[in-house]
Structures are given as C-alpha cells and as structure tokens.
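# Coordinate analysis (summary)
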Amino acid sequence: MALHHEPQTQKGDIRPAFIIDRPIVLVGMMGVGKTSIGKRLAARLGTDFVDADDEIEKAAGQSIAEIFEKYGEDYFRDGERRVIARLIEENPKVIATGGGAFVNDFTRALILERATSIWLDADIQILADRVSRRNNRPLLKGKDPVTVLTELGKVRNPLYAAANFHIRSDTSPHARTVENILKALAA
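Note that the coordinates shown come from a computational prediction; the quantities given were computed from them, not determined experimentally. (Residues numbered from 1 in each chain as written. Predicted model: local features only at pLDDT ≥ 70, side-chain atom pairs only at ≥ 80, totals over all residues. Heavy atoms only, no water.)

### A few points about the side chain of Ser 172
Rules: Elements are defined by DSSP. Helices are runs of H or I of four residues or more, strands are runs of E of two residues or more, and each kind is numbered from the N terminus. For the purposes of these results, a polar contact is taken to be a pair of N or O atoms within 3.5 Å, where, inside protein, one atom must be able to donate a hydrogen and its partner to accept one; residues adjacent in sequence count only when each atom of the pair is a side-chain atom.
As for its placement among the helices and strands, Ser 172 is situated in the loop between β7 (165–168) and α8 (174–186). A polar side-chain atom of Ser 172 sits 2.4 Å from a polar atom in the side chain of Asp 170.

### A closer look at the pattern of salt bridges
In plain terms, the rule: By definition here, a salt bridge exists when the distance from a side-chain nitrogen of Lys or Arg to a carboxyl oxygen of Asp or Glu is within 4 Å. For the exposure calls, accessible area comes from a 1.4 Å probe over protein chains only, and a residue counts as buried if that area is under 20% of its type's maximum, exposed if over 50%, partly exposed in between.
Tallied over the full model, the rule gives 15 salt bridges. Close ionic contact of Glu 80 with Arg 77 constitutes a salt bridge, the shortest N to O distance being 3.0 Å. Of this pair, Glu 80 and Arg 77 both sit in helix α4 (residues 73–89), separated by three residues, roughly a single helical turn. Judged by its relative accessible area of 2%, Glu 80 is buried.

### Re the nonpolar core
Note the cut-off: Think of a nonpolar core as a cluster: buried Ala, Val, Leu, Ile, Met, Phe, Trp, Tyr and Cys residues, connected wherever their side-chain atoms sit within 4.5 Å.
Core analysis: the largest hydrophobic core is formed by 51 residues, its most contacted members being Ile 24, Leu 41, Ile 118, Leu 120 and Ile 181. Broken down by element, the residue count for this core peaks at six residues, all from α4.

### Thoughts on the environment of Leu 41
Quick reminder of the rule: In this description, contact between two residues means that some pair of their heavy atoms is separated by no more than 4.5 Å.
Among the structural elements, Leu 41 can be located in helix α1 (residues 34–45). C-alpha separation for the pair Leu 41 and Glu 179, spaced 138 residues apart in sequence, amounts to 8.4 Å. With residues up to four places along the chain from it excluded, the contact list for Leu 41 reads Ile 24, Leu 26, Val 94, Val 178, Ile 181 and Leu 182.

### Some details on the confidence of the model for the protein chain
This is how it is decided: What pLDDT reports is the predictor's confidence in each residue, on a scale of 0 through 100.
On average, residues of the protein chain score 87 in pLDDT, and 87% of them reach the 70 mark or higher. In this model, residues 1–16 is a region of pLDDT below 50 whose contacts with residues beyond four sequence positions or in other chains number 38 contacts.

### Here's the deal with helix α2 (residues 52–60)
Using the following cut-off: Directions from the helix axis toward the C-beta atoms define the arc.
Among all positions in α2, only Ala 52, Glu 55 and Ile 56 are buried. Seen along its axis, α2 keeps its buried residues to an arc of 100°; they face one direction. Check the buried side of α2 and you find it contacts β4 (49–51), α3 (64–71), α4 and β5 (94–96). The opening residue of α2 is Asp 51, an N-cap whose side-chain oxygen sits 2.8 Å from the backbone nitrogen of Asp 53. Phi turns positive one or two residues past the end of α2, at Gly 61, with a value near 70°.

### Here's the deal with the packing of α1 against α8
Let me state the cut-off plainly: A fitted line through C-alpha atoms represents every axis, and for helices the fit uses only the stretch in contact; the resulting angles, taken between N-to-C directions, go from 0 to 180 degrees. Throughout, the term roughly parallel applies to angles under 35 degrees, roughly antiparallel to angles over 145, roughly perpendicular to angles from 65 to 115, and oblique to all others. Handedness of each helix crossing follows the sense of rotation of the near helix against the far helix: counterclockwise by less than a right angle gives left-handed, clockwise gives right-handed. When residues are sorted by character, Ala, Val, Leu, Ile, Met, Phe, Trp, Tyr, Cys and Pro go into the nonpolar class, Asp, Glu, Lys and Arg into the charged class, and all the rest, Gly among them, into the polar class.
The geometry of α1 relative to α8 is characterised by a closest axis approach of 9 Å and an angle of 55° between their N-to-C directions. Relative to α8, α1 is oriented oblique. For the element pair α1 and α8, the recorded crossing hand is right-handed. Along its contact with α1, which presents Ser 36, Ile 37, Arg 40, Leu 41, Arg 44 and Leu 45, the element α8 presents His 174, Ala 175, Thr 177, Val 178, Glu 179, Ile 181 and Leu 182. Tallied by class, the residues present in the contact of α1 with α8 amount to seven nonpolar, three polar and three charged.

### Examining the sheet that holds strand β3 (residues 24–27)
Put simply, the rule reads: Each pair of strands is called paired provided DSSP finds at least two bridges between the two strands.
Pairing within the open sheet is parallel, and its five strands lie in the order β4-β5-β3-β6-β7. Of all the strands in the sheet, just β4 and β7 have a single pairing partner and so form its edges. Each strand of the sheet is rotated relative to its neighbour by a mean of 25°, with strand direction disregarded. Packing of α2 onto the sheet brings it into contact with β4 and β5, and relative to β4 it is tilted by some 60°.

### Focus: the packing of aromatic side chains
The geometry of an aromatic ring pair is captured by two quantities: the separation of the ring centres and the angle between the planes. Selection rule: Here a pair means two rings of Phe, Tyr or Trp (six-membered ring of Trp) with centres within 6.5 Å. Their orientation is stacked below 30 degrees between planes, edge-to-face above 60, and tilted elsewhere.
Taken as a whole and judged by the stated rule, the model has four aromatic pairs. Relative to Phe 76, the ring of Phe 68 has its centre 5.0 Å away and its plane inclined at 40°; by these criteria the two rings are tilted. Using a relative accessible area of 3% as the deciding quantity, one classes Phe 76 as buried. Their ring planes at 40° and their centres at 5.9 Å tell us that Trp 119 and Tyr 160 sit as a pair that is tilted.

### Topic: the environment of Phe 49
Along the chain, the position of Phe 49 falls in strand β4. Taking the C-alpha atoms as reference, Phe 49 lies 8.8 Å from Thr 35; in sequence the two are 14 residues apart. Ignoring sequence-local partners within four residues, the contact set of Phe 49 consists of Lys 34, Thr 35, Gly 38, Lys 39, Ala 42, Val 94 and Ala 96.

Structure below.
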C-alpha cells in the first residue's frame, strides 16, 4: 500500500512516522475539506501538500473563476488534467484536487493507477453550508448550492466511488477525519 511505518519520530512526536511511496490524492465534492484535511494529513505524514487548484492558477496566471469566465469549463478541465498528471509524476505527496477532476476519465485512470485515492464525502447540507461562506466557486455563481451540489452528486458520486478509500467528513474537527484516513491507510 502507499503507507508504511518507519521507526523514527518527527518533531518530538513519540508515534512512528509514516512514509508514503506514492501520492495520496483527495477527491470529492467542493466544500468537503480536501484542502484543509490535505494540509493536516500531509503534516501528520511528514510530507508535502499541494492543492491542484492553486497549481492551475499559478500555471495560468489567473484565478479559476477567470479561466472559467474567459475560456469555459472544458478549457479549465484540460489544464486541470495536465497539472494533476504533472503533480502525480513528482515526488509522493498529498494532493487535493478540484471537485470535478476525478470526473475526467484520463485523470481518474491516472490517479487510480499511480496514486492512492481517497474519496472525502459529506452530506449535501454540510457541503452547502461550507461553500456558502465564499463566493469563488464558478459552478455555483448565482445558483442555489443545495440544488447544484445535489445534481453534481448524482453524476460524480458514482465516479468518486472508484477511489481506493471512502472517508466520511462531517461537522467534527478535520483532525478526526485525518485520523480516520490514517487508520484506513494503515489497515
């Protein structure tokens, strides 16, 4: 698997450190906490974290909202596919993807072949509450989050189900979700 115990400690921690031998890719709907949980997971694993959306914005020199507005979703998805492929080929790390990344056949196949994938899943109302806190989601612009997320879930959840692990995220602290991920990876 992607995780094994190494007889060393990190930052005074008496628990054994984990070493990953392939990327760990977090997939799931917008608002599920892929970035927040990913940062905490990477810290616990003593490895790097990268948010694919941030990398796309760096590569494009503009925000995701601007890319969607100027070029459309198909253009964005093509750039997303290329960025995620590059990130997977680099040193193993924790990668948070955008909500639609795993829907792309090529991206999903690459993640399933070369990484350990974790589907972070949460109830629609939790997702809607979280995404309503910011207005930077192009797919939600001027729309009801519950309606959009429900429709996206109908299409995306069966695809997310192909991930190696399915971890529920709820209103508890993200640290609990990270613990659940670590338990699943170590099993």
